[in-house]
Amino acid sequence: MAKLTIVANIKANPDKIDLVKAELLKLIDITRGEEGCINYDLHQDNDNPAHFLFYENWESRALWQTHMGAPHLAAYMEATDGAVEAFTLNEMSVVG
């Protein structure tokens, strides 16, 4: 099965940046320990601190989908309810 790359953009509400960042940081170690996770890297925009980006690589889409159903993702969603202005997720494949 082909490797899957995920690019997730999270834009926090301006008054909730610290909350969203704290909750995103909680996801890193537990996710990196999940089966199929190759890398799971969180970035914060240097000019817009409300903009976060996860760059992830997974061994397969099926293993990424298992991650998406994990309890720590549900806890993140609950903790940041109303604190995220925008969220986009792209599933990508290497082509060259």
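Located above this text is the structure these notes cover.
Residues numbered from 1 in each chain as written. Predicted model: local features only at pLDDT ≥ 70, side-chain atom pairs only at ≥ 80, totals over all residues. Heavy atoms only, no water.

*Asks:* Before we go on, may I ask you to explain the pattern of salt bridges in this structure?
*Replies:* In a structure, side chains of opposite charge can pair up when their charged atoms sit close to one another. As enumerated under the stated definition, the model contains three salt bridges in all. Close ionic contact of K26 with E23 constitutes a salt bridge, the shortest N to O distance being 2.9 Å. One end of the pair is K26 and the other is E23, both in helix α1 (residues 17-32) and three residues apart, which spans about a single turn. Looking at K26, the relative accessible area reads 56%, which means it is exposed. (Salt bridge = Lys/Arg side-chain N within 4 Å of Asp/Glu carboxyl O. Helix = DSSP H or I, 4+ residues; strand = E, 2+ residues; numbered from the N terminus. Buried < 20%, exposed > 50% of the residue type's maximum accessible area, 1.4 Å probe, protein only.)

*Asks:* Mind showing me how you'd approach the sheet that holds strand β2 (residues 37-44) here?
*Replies:* Within a sheet, adjacent strands bond to each other through the backbone by hydrogen bonds, running parallel or antiparallel. Here four strands make up an open sheet; going across it, the order is β2-β3-β1-β4 and the pairing antiparallel. This sheet does not close on itself; its edge strands, each paired only once, are β2 and β4 (84-92). Sheet twist, expressed as the average angle between the axes of neighbouring strands with direction ignored, equals 10°. Two elements, β2 and strand β3 (residues 51-58), share seven bridges in a ladder whose sense is antiparallel. In the sheet register, Q44 faces β3, and the bridge partner there is F52. α1 contacts β1 (4-12), β2, β3 and β4 of the sheet and is inclined by roughly 165° relative to β2. (Pairing = 2+ DSSP bridges. Axes fitted to C-alpha atoms, helices over the stretch in contact; angles between N-to-C directions. Contact = heavy atoms within 4.5 Å.)

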